[in-house]
Amino acid sequence: MSEAAVIGRLAPSPTGAQHIGNARTYLIAWLSARRRGGRVVLRIEDIDSPRVKAGSDRQACEDLRWLGLDWDEGPIVQTERLPIHRAALDRLQERERVYPCTCSRADVERAASAPHAEHEGPVYPGTCARRDVRAAETLGEQSYCWRFRMPRQTPAFVDGFRGPTHLDLRAVGGDFVVWKASRSGIAPSTPAYQLAVVVDDAAQSVTEVVRGDDLVPSTPRQLLLYEALGLTPPTFVHVPLVVGPDGRRLAKRHGDTRLSSLRVVGVRPETLLGLLAWSCGWLPSIEPIAARQLVPLFRLETIPRTPFVLTPELLRSIGYAA
Ligand SMILES: [Zn+2]
């Protein structure tokens, strides 16, 4: 097997500043590709337009450069690829894998009686599932999205970090949105995250997707899209997130862990990388190290199975008070 064929990717979303949690996942993704002589693609995932903050795409590139993580291709900007995403929707429509859904978020919330996972929202109750593609022509001025029709069985997969993984339909959220409705006739309709990611990863020949394990429920959906579009899926590697002392994922409540803030007060990237490398089991103690020096030390197997708890004490150990 040719190891040089590995293509990994860094895919920051410019919806806010990159923080220490993002940095750890990027570092793992970058090292996993570089360790095997692989290439790295940088893609800016800016399709979530209402939440995208001006200038944060540039900021994300700066943060990655500061960390010493480079790339061979990109930045590829997702919103510049809308015609390609649109063509994928056309293919799904031709194959009757999607249907138009007129439910509002509130409709779905009301119809779904069961409690739901924090990030996935309620399971779609199938209100519009009897429609076929052509039914869209009868909807007139009504706003609608396109949903992917889930099979009864969600696909299992072998995660590069977690091993064999299978989530049931409920955990995955049922029929999911691949194309969002236009907002009050002003904003144009746009692809949903799941479709854009699959189309872009395939177009950029990505062979390995390393990302936070909050995205595990996305993977069965994305595998179905690969299958429906006749594309070859990459290997998925989901790594534990960084959490605060309260066990919740790193956020503002845990203080300011933005990379730009560390930079401003003079924390060296090598110092942060030392902390992250130690947290992944690549260094026996926290000591400064450059990203390139970590390439030969990288092992996926040494990364703990549990989230990395970032405490104020650990931050102080690298000379930073959040
Ligand atoms: Zn509906």
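The structure this text deals with has already been given above.
Described below are features of the structure shown in this document.

### Examining the nonpolar core
Core analysis: the biggest nonpolar cluster contains 50 residues, and L10, I20, I28, L69, L272, W282 and L310 have the highest contact counts within it. Considering every element that reaches this core, the biggest residue donor is helix α1 (residues 20–35), with 9 residues. Beyond its immediate sequence surroundings of up to four residues, W282 is in contact with L27, I28, L31, A277, L294, L297, F298, R299, T302 and I303. F148, V172, V178 and V199 belong to the second largest nonpolar core, which has 31 residues in total.

### Regarding the pattern of salt bridges
A side chain of one charge can pair with a side chain of the opposite charge if their charged atoms are brought near each other. On inspection of all chains with the given rule, the structure shows 18 salt bridges. For R9, the salt bridge goes to D201, with nearest N and O atoms at 2.8 Å. One end of the pair, R9, is in strand β1 (residues 7–10); the other, D201, is in helix α6 (residues 193–203), and 192 residues separate them in sequence. The closest approach of N and O atoms between R249 and D214, which form a salt bridge, is 3.1 Å. Of this pair, R249 sits in the loop between β11 (242–243) and α8 (259–264) while D214 sits in the loop between β9 (208–212) and α7 (218–228), and the two are 35 residues apart along the sequence. Note on R249: relative accessible area 36%, which makes it partly exposed. You can call D214 partly exposed: its relative accessible area is 21%.

### A few points about the coordination of the zinc ion
The zinc ion binds to the protein through C101 (SG), C103 (SG), Y124 (OH) and C128 (SG); the donor distances cover 2.1 to 2.3 Å. Around the zinc ion sit 4 donor atoms; with metal-centred angles ranging over 99 to 121 degrees, the donor geometry is tetrahedral. Look at where the donors of the zinc ion fall in the sequence and you get C-x1-C-x20-Y-x3-C.

### With respect to the sheet that holds strand β8 (residues 176–179)
Read across the sheet, 3 strands follow the order β4-β5-β8 without closing on themselves; strand pairing throughout is antiparallel. Two strands lie at the open edges of the sheet, namely β4 (98–101) and β8, each paired on one side alone. Shown here is a sheet whose adjacent strand axes are inclined to one another by a mean of 45 degrees, direction ignored. Strand direction decides the pairing type here: β4 and strand β5 (residues 145–148), joined by 4 bridges, are antiparallel. Residue pairing across strands places P100 opposite W146, the latter belonging to β5. Contacts between helix α3 (residues 82–94) and the sheet are confined to β4, β5 and β8, with β8 contributing the most and set at about 125 degrees to the helix.

Thresholds applied
- Counting restarts for each chain: residues are numbered from 1 in the order of the written sequence.
- A pLDDT threshold of at least 70 governs which residues receive local features in this predicted model, and a stricter bar of 80 or more applies before side-chain atom pairs are shown or counted, although totals over entire chains, interfaces and linings include all residues.
- To obtain the side-chain values, all non-hydrogen atoms of the structure were used and water was disregarded.
- As used in this record, nonpolar core signifies buried Ala, Val, Leu, Ile, Met, Phe, Trp, Tyr and Cys residues forming a set joined through side-chain atoms within 4.5 Å.
- Residue burial is assigned from relative accessible area. The probe radius is 1.4 Å, only protein chains are included, and a residue is buried under 20% of its type maximum, exposed over 50%, and partly exposed in between.
- A run of H or I in DSSP becomes a helix once it reaches four residues, and a run of E becomes a strand once it reaches two; helices and strands are each numbered from the N terminus.
- Only heavy atoms matter for contacts: two residues are in contact if any of them lie within 4.5 Å across the pair.
- Should a side-chain nitrogen of Lys or Arg be within 4 Å of a carboxyl oxygen of Asp or Glu, the pair is scored as a salt bridge.
- For Na, K and Ca the donor cutoff is 3.2 Å, while for all other metals N, O and S atoms count as donors only within 2.8 Å; water does not appear among the atoms, so some sites may look incomplete.
- For four-coordinate sites, all angles between 85 and 135 degrees define a tetrahedron; for four- and six-coordinate sites, opposite donors beyond 155 degrees with the remaining angles between 65 and 115 define square planar and octahedral shapes respectively, and all other cases count as irregular.
- DSSP bridges decide pairing: two strands pair if at least two such bridges lie between them.
- Note on geometry: axes are lines fitted to C-alpha atoms, helical ones only across the stretch in contact, with angles between N-to-C directions running from 0 to 180 degrees.

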